[in-house]
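Residues per chain are reported as follows:
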Amino acid sequence: WVWNGTTWVQKLTVATPAARYAHVMAYDPDRDRTVLFGGVINANPDFSAETWDWDGSTWSMRNPGFSPSARAL
């Protein structure tokens, strides 16, 4: 879901991160992206080391050269 300033609009994409909790998200203004990292994936109780970014219309899984170890808040 995306807030357009007036109402929430559902965005359906081909690729999406798995449902999770205890993850972190932050906005990267230099790249104009929201970045999601880690958490506990609901279907698998292990900590995740996945990095995803959202460009306003599409989620993309990223594989950065340097990344923190798997973790959750």
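Because the structure is predicted, anything quoted here is derived from the model rather than measured. (Residues numbered from 1 in each chain as written. Predicted model: local features only at pLDDT ≥ 70, side-chain atom pairs only at ≥ 80, totals over all residues. Heavy atoms only, no water.)

Undergrad: Would you mind showing me how to read the packing of aromatic side chains here?
TA: Geometrically, a pair of aromatic rings is defined through the distance of the ring centres and the angle of the planes. On inspection of all chains with the given rule, the structure shows two aromatic pairs. Centre to centre, the rings of W54 and W59 are 5.4 Å apart; their planes meet at 45°, and the pair counts as tilted. Across this residue pair, the class does not change: W54 and W59 are buried. (Phe/Tyr/Trp six-rings, centres within 6.5 Å; stacked < 30°, edge-to-face > 60°. Buried < 20%, exposed > 50% of the residue type's maximum accessible area, 1.4 Å probe, protein only.)

Undergrad: Any chance you could explain the pairing of strand β8 (residues 59–62) here in plain terms?
TA: Relative to β8, strand β7 (residues 51–54) is paired through four bridges, and the arrangement is antiparallel. Directly across from T51, in β8, lies its bridge partner R62. Connecting β7 to the next strand, β8, in antiparallel fashion are four residues, including G56 with a positive phi near 105°. (Pairing = 2+ DSSP bridges. Helix = DSSP H or I, 4+ residues; strand = E, 2+ residues; numbered from the N terminus.)

Undergrad: Can you help me understand unusual backbone geometry in this one?
TA: Most peptide bonds are trans, and most residues other than glycine sit at a negative phi. A positive phi angle, close to 60°, is found at A22, a residue other than glycine. As for its placement among the helices and strands, A22 is situated in the loop between β3 (20–21) and β4 (24–28).

Undergrad: Sorry if this is basic, but what is going on with the pairing of β4 here?
TA: Strand residues, when the strand is regular, have side chains that alternate between the two faces of the sheet. The pairing of β4 with strand β5 (residues 33–37) spans five bridges and is classified as antiparallel. For V24, the partnering residue across the bridge sits in β5 and is F37. A loop of four residues connects β4 with β5, the two strands running antiparallel in sequence, and D32 in this loop sits at a positive phi of about 55°.

Undergrad: What should I look at first to understand the sheet that holds β4 in this one?
TA: Sheet strands pair by backbone hydrogen bonding; their relative direction is either parallel or antiparallel. In space, the four strands of this open sheet follow the order β4-β5-β7-β8, with antiparallel pairing throughout. Since the sheet does not close on itself, it has two edges, and those belong to β4 and β8, each with one partner. Averaged over all pairs of adjacent strands, the angle between their axes in this sheet comes to 25°, without regard to strand direction. As defined by bridge partners, β5 adjoins β7 across four bridges and the pair is classed as antiparallel. Looking across to β7, one finds that T34 is bridged to W54. (Axes fitted to C-alpha atoms, helices over the stretch in contact; angles between N-to-C directions.)

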